[in-house]
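Residue strings, one per chain:
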Amino acid sequence: MGPEMIKPEDLPISSCQRCGACCRKGGPALHLEDRELVDQGKIPLASLYTLRKGELARDNIKGGLIRLSAEIVKIRSLPDAAICMYFNETDQSCDIYLHRPVECRILECWNTNPIEGMYARTRLSRYVLLEKVGWLAELVQAHEEKCALDRAEKLVQARIADDPAAADALNEIINYDFHLRQVAAEKGGLSPDIMDFLFGRPLAEVISRQFGVKVQRR
Ligand code: SF4
Ligand code: SF4
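In what follows, the accompanying structure is described. (Residues numbered from 1 in each chain as written. Chains lettered and ligands numbered in written order. Predicted model: local features only at pLDDT ≥ 70, side-chain atom pairs only at ≥ 80, totals over all residues. Heavy atoms only, no water.)

This next bit is on the overall build of the protein chain. Each helix and strand counted, the protein chain has nine helices and six strands in total. Per-residue burial for the protein chain yields a buried fraction of 37% across its 218 residues. A sequence separation of at least 24 residues applies to 66% of the contacts in the protein chain between residues at least 6 apart. Accessible surface, the protein chain: about 12800 Å² in total, of which carbon and sulfur atoms supply 54%. Side chains of the protein chain carry 30 positive and 32 negative charges; the gap between the two charge centres is 2 Å. (Helix = DSSP H or I, 4+ residues; strand = E, 2+ residues; numbered from the N terminus. Buried < 20%, exposed > 50% of the residue type's maximum accessible area, 1.4 Å probe, protein only. Contact = heavy atoms within 4.5 Å. Areas by Shrake-Rupley, 256 points an atom, 1.4 Å probe, with all protein chains shown as cover. Lys, Arg positive; Asp, Glu negative; His and termini not counted. Charge placed at Lys NZ, Arg CZ, Asp CG, Glu CD.)

Dropping the structure here:
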């Protein structure tokens, strides 16, 4: 039997082929190094969303889901697919290539050491980005205290155990989360597009997805 034929496409790569596979795994998380990009509007707040402490998130390095011990601010994905919103399918390019976040700049899919080195450290948070807008940071903090995922989980478990007070309290925080977004947009003059950055994804959605219970606003 002769030597096995190795085709060029089977060779391990050592530089980016611009195939876009990494961009099709969703938008990157932001780090402190990316703060200027946001401050200067190169990456607008409307293109971000927050995964709050306690939420389940995909671990892009080890795979699988992990429960977040601290919040992550990420670039949004397309509404119907886990593809970064800045990925341009037509020519397989990045719409913000010159201003792409640090995770995208250091990612080498053939060598995970650089991204592993920075993965969990120096993450950007809402509070850093809102440092100069104190009242908004306080609003975010108030929402976080009332609607923390740990608290929501305890209420879900108590509701499942038929505790009527827990059902009421759960309903209250779901309503609070819903109305705060409306009030912030209507009375605070904030764009509805930045609500998922300010308060994370709607609490009712997160609870349904993460704890497997159907919740309806009353
Ligand atoms: S880093 Fe790897 S997966 Fe991402 S575009 Fe380059 S070759 Fe493709
Ligand atoms: S910001 Fe650009 S390089 Fe980074 S994941 Fe999105 S499309 Fe890809």
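Moving on, there is more to tell.
Attention now goes to the site of ligand 1. C16, Q17, C19, C22 and C109 are the nearest of the nine residues found near ligand 1. Of the residues assigned to the shell around ligand 1, the class counts are six nonpolar, two polar and one charged. (Near = heavy atom within 4 Å. Nonpolar A, V, L, I, M, F, W, Y, C, P; charged D, E, K, R; others polar.)

Mapped onto the elements, L32 comes out in the segment before α1 (35-39). Along the sequence, L32 and K146 sit 114 residues apart, while their C-alpha atoms lie 27 Å from each other. When sequence neighbours within four positions are dropped, the list of residues in contact with L32 reads T122, R123, L124 and V128.

Take helix α7 (residues 164-186) next. The end-to-end C-alpha distance of α7 is 33 Å, a good match for the 33 Å that 23 residues give at a rise of 1.5 Å each. In this structure, the buried residues of α7 make contact with α5 (134-147), α6 (149-160), α8 (195-199) and α9 (203-211). Of the residues flanking the start of α7, the one acting as N-cap is D163, its side-chain oxygen 2.9 Å from the backbone nitrogen of A165. (Expected span 1.5 Å × (residues − 1). Polar contact = N/O pair within 3.5 Å; in protein donor to acceptor, adjacent residues only side chain to side chain.)

Tallied over the full model, the rule gives 14 salt bridges. Residue R201 is joined to E55 by a salt bridge in which the shortest nitrogen-to-oxygen separation is 2.8 Å. Placement of R201 in the loop between α8 and α9 and of E55 in the loop between β1 (48-51) and β2 (56-58) is noted, with a sequence separation of 146 residues between them. Look at E55 and you get buried, because its relative accessible area is 1%. Residue R126 is joined to E71 by a salt bridge in which the shortest nitrogen-to-oxygen separation is 2.7 Å. One end of the pair, R126, is in helix α4 (residues 126-129); the other, E71, is in the loop between β3 (65-67) and β4 (72-75), and 55 residues separate them in sequence. Residue R126 is classed as buried on the basis of its relative accessible area of 0%. For E71, a relative accessible area of 13% corresponds to the buried category. Connected through shared salt-bridge partners, R52, E71, R126 and E144 make up one network. (Salt bridge = Lys/Arg side-chain N within 4 Å of Asp/Glu carboxyl O.)

Below, the discussion takes up unusual backbone geometry. In this model, Q92 sits at a positive phi of 50 degrees, which is unusual for a non-glycine residue. Mapped onto the elements, Q92 comes out in the loop between β5 (87-88) and β6 (93-94). We note that D162 has phi near 70 degrees; this positive angle belongs to a residue other than glycine. Along the chain, D162 falls in the loop between α6 and α7. Its relative accessible area of 67% is what places D162 among the exposed residues.

Here β4 shows a buried face lined by I72 and K74 and a second buried face lined by V73 and I75. Examined bridge by bridge, β1 and β4 share four bridges and lie antiparallel to one another. Bridging from a neighbouring strand, Y49 pairs with K74 of β4. (Pairing = 2+ DSSP bridges.)

It is the contact of α5 with α7, at a shortest axis distance of 10 Å, that shows an interaxial angle of 160 degrees. As summarised for this structure, α5 and α7 are arranged roughly antiparallel, according to the angle between their axes. Crossing of α5 against α7: the hand is left-handed. Across from L139, A142, H143, K146 and C147 in α5, the residues of α7 making contact are E172, I173, Y176, D177, L180 and R181. (Axes fitted to C-alpha atoms, helices over the stretch in contact; angles between N-to-C directions. Parallel < 35°, antiparallel > 145°, perpendicular 65-115°, else oblique. Left-handed = near helix turned anticlockwise from the far one by under 90°.)

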